[in-house]
Every structure is written in structure tokens, then in C-alpha cells.
Amino acid sequence: MTRRKRAALLAVLLGLGVAASAAPEAEPASGRTRLVPPVEREPAPLEPGMDVEKGPEGDPERFRLWTPLTEAELNAADPSFRHWARLIHSGRADKRVMRLYWYYRFRLDPFDKPVPEGWRDRGVAVLRDPVRTRKALEAWDSRRRAADASGGPPQRGDVPLPPEGSIESAAERLRSGGAMAEAAAGGISPYGVWVPIGPYTIPGRMTGLDRPEGQPLTLYAAAADGGVWRTRDGGATWETLTDFEKTLSGGAILLDPSNPDVIYFGTGEGNGAIDNYPGIGVLKSSDGGATWTESNRFSSAVRRLAMHRSEPSRIYAAGDSGCYVSTDAGATFSLISAPGLPTNAGASDVLVRPDNADWVYCAIWGGPDGGIYRSTDRGATWSLLTDGLPAKGSVGRIALAVSRSDPDVLVAGIDTAGGTVYKTVNGGDQWTRLDGSSGFCGGQCWYDIAVGIDAGNPDVMFAGGIDTYRSTDGGATWTRATSSSGGHGSPNYVHVDQHFVFTPAPGEIILANDGGIYRSTDSGASWVEWSQGMDTTQYYGICRHPADSYWAFGGTQDNGSHRRRQADDPDWQQVLGGDGGMCMTGPPTTSIVVGEYQNLNIQRSTDGGDSFASANGGIGRSEPHPWVGILVADPSDRNNMWTATNRVYRSMDARATNWVGVSGPLYFGITVSAIEVAPTDSNVVYAGFDAGGLFVTGNALATPVSWTNIRSAAMPQRTVRRIRAHPTIPDTVYVVFAGYGSGKIWKSSDRGQTWADVTGDFPDVPINDLVVDADSPGTLIAATDLGVFRSDDDSAHWYGWSTGLPTVSSIELTFDRDQDTLRLGTHGRSMWQWQEASDAPTAVPDGSVVPGAMLRADRIGAATMRVRWDVRSCTARDYNLFYGDLAQVSSYTYAGAYCGLGTSGRADLPLPVTASGNAFFLLASSDGAGNEGPHGFDRAGLPLPANGVGLCGIAAQEAGATCP
């Protein structure tokens with residue numbers, strides 16, 4: 001077929017509905033290469049904790065053959081994406097390039113525009129816009145009053161609610177299904193708050209560590225997609241410091257040694273993974289993390305930060321185009337364009353010599369100028385270090401470390417021979433290759449490579465890749481210091497994939513890896529995890545059980561798949577290894593659970609997740625397999641299950657071991673990116689594709705299955721991210737397109753015969769999932785790269801719906817109408833559940849009768865305080881803070897009040913002034929009419945003598961304190 005004929009055929013298929021059945025592979029679209037993948041054997045199931053990245057680096061030629069590229073990709077408007085595509089096309093791509101390519105591909109297709117500048121700022125402005133939200137809530141209230149006056153919306157049946165006025169704890173409310181008071185009478189209420197439900201024991205990837213000198217129990221950590229965390233008690237408890245900043249993507253962290261309240265957070269992870277989210281430069285706090293300011297947007301990834309110790313305002317950063325410097329204490333950074341230092345490739349590390357801060361080292365990651373560069377004049381001039389090192393441009397990623405006790409000693413972990421350590425004892429003039437270290441990265445230095453030197457002994461050094469290796473004789477010999485086998489509790493167990501090696505004191509080493517933080521105080525002989533309590537799990541997909549509201553399941557980045565069920569009360573358990581993905585459950589009366597690990601390796605359990613067996617039978621191993629595969633159960637009959645490669649597969653028995661292909665490669669050999677089974681008709685199934693293809697069948701359970709192309713020519717040629725059929729209205733379906741620009745949400749009321757762009761005023765933020773609320777006409781809820789948005793008028797107008805939720809990439813939503821449970825899986829802050837606010841008087845704990853966090857008040861400025869209260873136990877639609885002189889606390893005499901604080905659980909308010917200078921605070925909830933309620937309960941459980949809806953906490957100053 002000629003190029004002209006192929007182009008004409010493509011135009012016809014994009015513009016008209018074309019019937020097709022399972023058929024031979026179609027001709028590839030113009031500009032695409034045919035897929036010629038190698039044949040692979042069926043992989044063995046992975047056990048929890050097993051890693052799948054081990055082994056040699058991927059074959060660049062295989063990447064080229066497996067990746068269909070278009071001319072548009074090779075000439076993409078975004079320069080970084082264009083570079084990655086050309087590396088793939090020329091057979092020079094490694095796994096780092098492939099992960100970056102796949103992450104940005106569905107966000108940029110059709111590649112005619114770069115990543116838009118300022119998209120995050122504009123999106124956050126809408127997400128946090130109180131005026132926009134207030135107007136939307138007023139409109140919702142008006143519609144509800146009108147519905148009540150006309151007899152109200154259809155009822156869904158009896159919903160088990162806690163007794164009105166009860167003081168049942170939030171944990172019990174969530175355990176019993178969430179108790180959405182509004183849902184039974186008009187859908188998911190917009191009033192409420194997102195509350196975390198864990199896991200807290202399965203932390204995600206960490207990228208950087210630092211701590212104040214002389215404070216061994218304090219540690220600051222940068223999470224890949226979870227922001228900045230701090231412990232002040234040796235890892236027993238952790239607190240988050242950046243939840244509501246514009247990004248939580250973390251690459252590095254640095255404290256000012258002369259003032260530990262000054263923190264620099266390098267945003268944008270740079271580990272070359274498919275889930276590396278871009279950053280916004282450097283965030284700086286001068287008050288210990290209470291408030292933050294932004295630098296200029298100099299780099300989308302900050303891999304390392306370093307400081308000139310005698311000049312703290314001088315900060316160095318390793319970023320996108322090389323090494324950068326700030327001379328104004330992090331306000332602005334500029335690329336170092338100085339003699340001898342290249343600026344045409346990213347920097348993987350930057351280091352300042354501890355005894356002479358004028359000496360700076362910059363590691364350039366790959367490219368023709370890849371290598372280690374040194375400046376001895378604060379960055380004015382640079383020279384490439386060559387003596388004993390690999391030739392310029394012959395290496396990949398490089399990690400650096402310097403000895404505190406002997407700064408002439410440095411080590412470099414270099415991406416050559418699977419990872420090899422080089423050492424210098426004269427500041428970098430000459431280097432020695434430490435052959436015993438070769439292979440320490442396990443073949444994936446592009447992703448995890450880190451080195452360190454013991455703070456008290458320069459002969460003790462560490463090299464981290466998949467595991468961590470140690471030398472005690474200056475690098476002559478190396479032994480493995482950590483192992484991912486043996487499981488938690490083993491003396492040398494440490495999670496795989498090390499990203500930072502921190503050696504703050506002699507004999508002490510702290511590792512940041514894909515599973516959190518691990519610490520040793522005996523030079524690596526034994527290890528203790530320090531990251532329990534962090535809810536930083538990075539989900540790729542989540543699912544629910546149709547008969548158990550407490551049950552939860554999800555697949556994550558390098559932490560496998562997890563299960564939460566009542567019987568485990570209340571812990572989460574890892575039940576599958578590798579990189580988890582999507583999941584689904586079988587019929588309500590069975591214990592069937594289906595999960596996966598990377599590259600669509602499907603695993604099935606018939607005992608609720610206690611054990612799994614491979615379930616890939618029938619799927620062609622030579623077909624392209626997506627990293628995160630598609631798993632969809634028919635909501636009407638969960639015996640019917642669906643998955644896909646570049647073909648659609650079906651199983652009509654949830655216990656079956658073999659899948660049946662029910663389509664050919666419908667869209668030019670491109671992989672399927674979304675499947676939806678209509679809740680109103682099991683025979684209606686939709687399939688979307690990476691490059692925008694869209695098909696439907698009306699005989700999904702028949703043989704053969706026929707498919708119709710329902711893509712509209714007006715639709716963007718972007719990845720179909722999600723398809724959502726209306727739960728109760730047949731033939732109504734929504735399609736979500738990924739990425740930036742163009743229409744994101746399209747709606748059809750006739751099963752795809754005609755389409756309308758209903759994106760409305762949605763900000764240009766990538767959407768990952770959509771929920772259609774059948775019981776509130778026009779209500780749509782969207783999970784995005786920034787959080788959750790909502791529309792109550794069928795997508796015409798959108799507002800931020802992320803109360804309580806950090807600014808985190810929100811991956812998947814699940815909603816159970818019968819159980820009134822709306823959950824959200826995030827990629828970096830674990831799983832969350834929507835807790836609706838009560839519309840009637842409700843009693844809430846004061847912390848003495850039932851569990852509940854007390855009110856906290858912290859001074860964050862000369863005249864400002866920050867209050868935080870428990871929105872898990874308190875479920876009101878609004879809150880008021882009352883304050884008075886401490887001497888009047890027993891008489892409930894208030895000096896003033898701050899009213900209308902909302903439902904977020906946090907507010908920054910003017911510091912109150914009282915006669916004595918000492919104050920007490922009382923936070924009371926209000927009902928929908930704004931009425932204040934009873935001020936909680938005494939220790940006997942009796943209401944305290946006041947009017948209103950409920951107390952959420954009380955805090956009184958100690959005598960002599962200026963502010964609690």
C-alpha cells in the first residue's frame with residue numbers, strides 16, 4: 001500500500017464509523033513502523049518483595065522494534081521529547097529514555113505543542129480558588145432546595161448511617177463504609193473532606209535526605225511524589241511540610257548548616273522513571289517548613305543541591321541542562337555557562353568540597369560531554385577530570401561523594417560495566433577504577449545509582465544500586481551490605497533501588513530507596529527501617545470489593561500490590577511483588593482477585609489475595625504489553641473480565657486460566673489504553689487506544705465480536721486515558737483524552753454516533769480518571785495530576801474539590817453507589833476516601849472520650865498563627881474558632897471569633913490579643929444554617945453546657961506562653 005493510500009485510509013477511519021471483527025493485523029498508519037517484538041516465555045509469578053529490574057540493560061534494538069514512532073514524534077515541538085524519540089529511532093535508547101518517552105507520550109500526542117508553560121500555576125489557581133468553589137456550592141445548594149421542593153431525587157435505598165449525634169470515631173465511620181449522609185438523597189455531596197486511609201507502612205520512593213548537625217533523631221526527606229517529610233523522634237513519627245504547595249515531586253533536599261530552619265527543596269524527580277513528575281525549581285522555607293517560597297523555574301528536575309558553606313547564599317543545583325547556581329539564597333538560579341563546563345546535557349550530581357567550598361564538582365549525565373568537571377574558583381572556570389576515568393562522552397549517569405574526614409578522597413559511581421566505582425585521593429587529579437565494585441547498579445544505573453563515604457573513615461565506602469555494597473579497605477574489596485531477600489525483620493533487609501546514600505556521622509549510613517528510608521549505625525552490618533508512618537505509596541491502580549466496603553486493593557511502583565481487609569485489622573499487606581498495576585475483583589460471593597505486575601503480567605487469586613498464580617494464558621507474548629496493563633471487570637457480572645495488548649481479550653469465567661482474543665489490532669497495531677463495560681448492558685464494551693482510537697461493540701459476549709470505529713474526526717489524536725459509561729443512562733458515555741491542550745472530555749448520548757466536546761472551563765491539567773455520579777445529574781468528578789476537580793453542571797463549569805488532599809497526582813477513582821464509598825489512589829500519597837460533611841447537628845470527640853486529634857495552634861509569623869484540627873472525626877460543613885482570655889476558660893467567655901474556616905482542617909489566622917496575653921481556643925462546628933453547637937463532651941461522655949453542633953478540639957496556653 002502506498003503512503004498516499006495509507007493516508008487516505010487513515011482519514012476515512014478517523015472520520016467514519018467502520019465495522020470490524022477479529023481480523024489479521026492492519027497495515028500500520030503512515031509514518032509508523034510495524035511492531036516486530038521478540039518472543040518471550042511466560043514469566044514466573046513474583047513473590048512480595050522481589051525486584052524485577054535485575055539483569056542487563058534493555059536492548060536498544062528491541063526498544064526500537066517495539067516502539068512504533070510517527071513522523072510527528074520524531075519532529076515533536078517539545079525538544080526533550082523529540083530528542084528521546086530520535087534516540088529510540090536510531091537504536092540508542094536505554095531504559096531511562098524509554099521511561100521518559102512513555103510518561104510524556106500520552107501527555108503530548110499529537111506532538112504539535114510542547115508542555116505548556118504555566119499549566120501547573122493556572123491549574124492550582126482553579127484548584128484552590130475559594131470564590132469559584134463558593135459559587136459552585138451555592139449553585140448546588142440551590143438545585144438541592146429545588147429538588148427537595150419537588151419531591152427530591154430518586155432514592156437509592158437504605159444507606160446504613162451512624163446515629164445522628166453519635167460520637168463514633170472517624171476510623172469506625174470509614175470502616176463501616178463512609179456514611180455519606182447526602183448520597184442517598186441526591187448523590188455525592190460536595191461538602192466534606194478527603195481523609196487518608198493508608199497504607200502508612202509501605203512507603204514509596206525517596207530521593208533525598210538531610211538533617212541538622214547535632215540532632216541525630218531529626219531527619220528531613222524528599223519523597224519522589226510525596227513532598228518533604230520530617231521526623232524529630234528517630235523515625236517513630238513523621239510530619240509533612242509541603243502538602244499544599246504547587247508540586248510534591250521531590251528530587252533533592254538541603255538544610256543550611258548555619259540555620260536548620262532554612263530548608264531547600266529541589267522539586268522535580270530526575271531518576272529517569274516513567275513516573276518522574278516535573279517540578280518547578282526550588283522551594284525554600286526559612287521557618288522550618290511552615291511556609292515556602294518559589295525560585296525561578298530554571299529546571300523541571302533538580303537531582304542534587306549543594307551549598308557554599310562559608311557563603312550560605314550561594315547554592316548549586318544539578319538540573320536539566322547542567323549545573324546551576326544561585327547567589328541570592330535560592331531566589332533565582334542560573335545555568336553555569338562558564339569556560340570548560342558543557343551546558344548541552346543534564347547534570348546528575350553536584351558536590352562542594354567541605355573544607356574548601358571554592359572547589360565544586362559537577363557530573364554531566366551522558367551525551368558527548370558526559371563526565372566529571374571540577375572548578376577551583378567557585379565555578380568561574382572548569383576542567384574535565386580525565387586521569388583514570390572513562391573517556392569523555394562514554395558514560396551514562398554519575399553519582400559523587402566526598403569524605404568529610406579527608407576531603408581529598410572522593411568516589412564516583414559511574415554508569416559503565418553495570419556500575420563501577422572510581423576513587424581519587426588527591427581531589428580529583430588522578431582516579432583509580434575499583435574493579436571489585438563493577439556491576440553494583442545491577443544494570444540500571446540510569447535509575448538508581450548512589451555512593452557514600454563513612455563520615456569518620458575514608459576507607460569505608462558504600463555503593464548503592466538495586467542493593468548496597470560496602471568496602472572497608474578503601475575499595476579493594478566489596479561485599480553486599482543489604483539484601484532484598486529475607487523480608488522485613490532480617491538484619492540486612494533493605495528495600496531495593498537506592499537513590500541516595502547519606503553518611504552524617506561516623507558509622508552511620510542512611511539510605512533513601514524505592515521502599516522508604518533505612519538506617520544503620522554499625523557501618524552497614526544491620527539495618528532498621530525509619531519510614532513507617534509515611535503514607536507515600538505510589539499507586540498505578542486501585543480497586544474495591546462489591547460486597548465489602550472496608551476492603552481495598554491497589555498496585556504500586558516497585559512495592560507490588562497491597563490488600564486491606566477487615567480480617568487483618570487494620571493493616572495493609574503486600575500480596576504481590578514487582579511494580580503493581582491495575583486490579584479487579586470477581587463476583588461478590590467469591591474470593592477472586594486479579595492483579596498484575598509490570599508489562600501486563602496478570603496474576604489471579606481465588607482466596608482473596610492470600611496466594612496468586614499466573615493468569616496470562618491465551619495472551620500472545622509477542623504482542624506489545626503496556627507497562628501498566630488494563631484490567632476491567634464487568635460491573636453487572638464480574639465473571640466477565642477484560643484486558644488488552646494491541647488486541648482486546650475477554651474471559652467469561654473469572655476462574656478461567658485462558659483469555660480469548662476478541663479483536664485484531666484494531667488501531668494500526670497501537671496498544672489499547674482504556675476499556676469500559678457499560679453498567680447498563682454487558683454486551684456494550686468500549687475500547688480506547690494510545691493514539692486516540694475509539695471503538696465500541698454491541699455484542700461483546702458473542703462469538704465473533706464485531707467492533708465499530710466511533711472516533712470523531714474532531715477529537716484530538718491523543719491517548720484515550722479513560723472511558724466512562726453512564727451508570728444508569730444507556731448509550732451515554734464520556735471519553736477522557738490525556739495530556740495538555742485540545743478537548744479533554746467528550747460526551748456521546750448515542751453510543752458514539754455523535755460526540756460533543758464538553759471540557760467546559762476545565763484547566764489545562766492532565767486528567768487521569770473520571771466518575772459519573774448517577775444520583776446527582778450533571779455531577780462529574782475528575783482525578784488529575786494536581787488533585788481532584790468537580791463539575792455539577794455536566795462539565796460546563798469546574799471547581800477544585802481537593803479539600804484535605806495534598807497537591808498530588810491522583811491516578812484512579814472508585815465509587816460504589818450501594819456502599820457510598822468514594823476512594824482515590826494517588827501516586828505518592830497513598831489512598832484517600834471522601835468523608836462527607838454532616839448536614840445536621842453532629843457530636844464529635846474532644847479527644848478524651850473517643851480517639852480524635854486535639855486542636856493545634858502554631859505561631860508562623862509575628863502576628864499570624866496556623867490552626868489545625870481533626871477533620872476525620874469532625875464532619876461539619878463549616879467551622880468557627882473562638883478565643884478568649886485563659887483566665888476565663890471555665891466560664892466560656894470569649895473575646896472574639898474567626899468564623900467560616902471551611903472544612904480543610906487548617907487555617908492561617910491573625911494572632912489573637914487578650915488582656916492577659918494568654919489565650920484559650922475552642923473550635924466549634926456549625927450546621928448548614930451556620931448554627932453553633934454543643935462544645936463537646938466531658939470525660940463522663942456528657943455534653944458540655946453550651947449550644948451548637950460539636951467541638952473538634954481545645955487547646956489552652958500554659959502560663960507565660962506567648963502563643964500555643
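Residues numbered from 1 in each chain as written. Predicted model: local features only at pLDDT ≥ 70, side-chain atom pairs only at ≥ 80, totals over all residues. Heavy atoms only, no water.

1. Considering the overall build of the protein chain
And step 1. Within the protein chain, the secondary structure is distributed over eight helices and 64 strands.
And step 2. Split into buried and exposed, the 964 residues of the protein chain put 61% on the buried side.
And step 3. Of the contacts made within the protein chain by residues no fewer than 6 positions apart, 57% connect residues no fewer than 24 positions apart.
And step 4. Of the roughly 32900 Å² of accessible surface on the protein chain, 51% is carried by carbon and sulfur atoms. (Helix = DSSP H or I, 4+ residues; strand = E, 2+ residues; numbered from the N terminus. Buried < 20%, exposed > 50% of the residue type's maximum accessible area, 1.4 Å probe, protein only. Contact = heavy atoms within 4.5 Å. Areas by Shrake-Rupley, 256 points an atom, 1.4 Å probe, with all protein chains shown as cover.)

2. Side note on the confidence of the model for the protein chain
When pLDDT drops low, the exact placement of atoms in the prediction is not to be read closely.
And step 1. With 82% of its residues at a pLDDT of at least 70, the protein chain reaches an overall mean of 83.
And step 2. Throughout residues 154-185 the model reports pLDDT below 50, and contacts reaching past four residues in sequence, or to other chains, amount to 74 contacts. (pLDDT = per-residue confidence, 0-100.)

3. Brief notes about the sheet that holds strand β56 (residues 821-826)
And step 1. Taken together, the four strands give an open sheet; going across it, the order is β2-β57-β56-β55, and neighbouring strands pair in antiparallel fashion. Single-partner strands in this sheet number two, and they are β2 (192-198) and β55 (810-816). Strand-to-strand twist across the sheet, computed as the mean angle between neighbouring axes with direction ignored, equals 25°.
And step 2. By the bridge criterion, six bridges tie β55 to β56 in an arrangement that is antiparallel. (Pairing = 2+ DSSP bridges. Axes fitted to C-alpha atoms, helices over the stretch in contact; angles between N-to-C directions.)

4. Here we look at the sheet that holds strand β18 (residues 383-384)
And step 1. Taken together, the four strands give an open sheet; going across it, the order is β15-β16-β17-β18, and neighbouring strands pair in antiparallel fashion. Each edge of the sheet is formed by a strand with only one pairing partner; in this case those strands are β15 (347-352) and β18.
And step 2. Sheet analysis places strand β17 (residues 371-375) next to β18, joined by two bridges and oriented antiparallel. What sits directly across from Arg 374, in β18, is Ser 383.

5. Remarks on the environment of Asp 275
And step 1. Looking at where Asp 275 falls in the secondary structure, it is placed in the loop between β8 (259-267) and β9 (282-285).
And step 2. A relative accessible area of 3% places Asp 275 in the buried class.
And step 3. Spatially, the C-alpha atoms of Asp 275 and Tyr 104 are 9.5 Å apart, while their sequence positions differ by 171 residues.
And step 4. Once residues within four sequence positions are removed from consideration, Asp 275 is found in contact with Tyr 103, Arg 205, Asp 225, Glu 269, Gln 538, Tyr 540, Gln 557 and His 827.

6. As for the nonpolar core
And step 1. Membership of the largest hydrophobic core comes to 41 residues, with the highest contact counts inside it found for Phe 81, Ile 88, Phe 762, Leu 770 and Trp 798.
And step 2. If we skip the residues at most four places from it in the chain, Ile 88 touches Phe 63, Arg 64, Thr 67, Leu 69, Ala 93, Val 97, Met 98 and Tyr 101.
And step 3. In this structure, Trp 140, Leu 813, Leu 822 and Trp 832 belong to the second largest nonpolar core, which totals 22 residues. (Core = buried A, V, L, I, M, F, W, Y, C linked by side-chain atoms within 4.5 Å.)

7. A closer look at the side chain of Ser 295
And step 1. For Ser 295, the location among the structural elements is in the loop between β10 (293-294) and β11 (304-307).
And step 2. If we skip the residues at most four places from it in the chain, Ser 295 touches Ile 280, Gly 281, Val 282, Gly 330, Ala 331 and Phe 333.

8. Quick notes on helix α7 (residues 130-149)
And step 1. Its 20 residues place the ends of α7 28 Å apart at the C-alpha level, agreeing with the 28 Å of an ideal helix rising 1.5 Å per residue.
And step 2. Looking at α7, one finds that the buried residues are Thr 133, Ala 136, Leu 137, Trp 140 and Asp 141. Down the axis of α7, the buried set is contained in an arc of 140°. They therefore lie on one face. Away from the buried face of α7 by more than 90 degrees, exposed residues Lys 135, Arg 145 and Ala 149 are located.
And step 3. For α7, the elements touching its buried residues are β53 (788-791) and β54 (799-800).
And step 4. The opening residue of α7, the one whose side-chain oxygen lies 3.0 Å from the backbone nitrogen of Val 131, is Asp 129. (Expected span 1.5 Å × (residues − 1). Arc of directions from axis to C-beta. Polar contact = N/O pair within 3.5 Å; in protein donor to acceptor, adjacent residues only side chain to side chain.)

9. Let's talk about the packing of aromatic side chains
And step 1. The full count for this structure, using the stated rule, is 20 aromatic pairs.
And step 2. Between Tyr 667 and Phe 695, the aromatic rings sit 6.5 Å apart at their centres with planes inclined by 75°, giving edge-to-face as the arrangement. Placement of the pair is Tyr 667 in the loop between β42 (660-661) and β43 (672-677) and Phe 695 in strand β45 (residues 694-697), with a sequence separation of 28 residues. Accessibility assignment for this pair places Tyr 667 and Phe 695 in one class, buried.
And step 3. With 5.2 Å between their ring centres and 50° between their planes, Phe 762 and Phe 789 make a pair best called tilted. Residue Phe 762 is located in the loop between β50 (756-757) and β51 (767-772), and its partner Phe 789 is located in strand β53; the two are separated by 27 residues in the primary sequence.
And step 4. With a relative accessible area of 8%, Phe 762 lands in the buried category.
And step 5. Through a chain of ring-to-ring contacts, the aromatic side chains of Tyr 667, Phe 668, Phe 689 and Phe 695 assemble into a single cluster.
And step 6. The cationic tip of Arg 353 hangs over the ring face of Trp 359; the distance from NZ or CZ to the ring centre is 5.0 Å.
And step 7. Over the ring of Trp 801 we find Arg 790, and its NZ or CZ is 5.0 Å from the ring centre. (Phe/Tyr/Trp six-rings, centres within 6.5 Å; stacked < 30°, edge-to-face > 60°. Lys NZ or Arg CZ within 6 Å of the ring centre and 35° of its normal.)

10. Observations concerning the pairing of strand β4 (residues 219-223)
And step 1. With five of five residues buried, β4 lies mostly within the body of the structure.
And step 2. Alternating positions in β4 separate into two faces, Leu 219, Ala 221 and Ala 223 on one and Tyr 220 and Ala 222 on the other, with burial throughout.
And step 3. Pairing between strand β3 (residues 206-210) and β4: four bridges, direction antiparallel. Within the sheet, the bridge partner assigned to Met 206 lies in β4 and is Ala 223.
And step 4. Relative to strand β5 (residues 227-231), β4 is paired through five bridges, and the arrangement is antiparallel. For Leu 219, the partnering residue across the bridge sits in β5 and is Thr 231.
And step 5. The turn joining β4 and β5, which pair antiparallel and follow one another in sequence, is formed by three residues.

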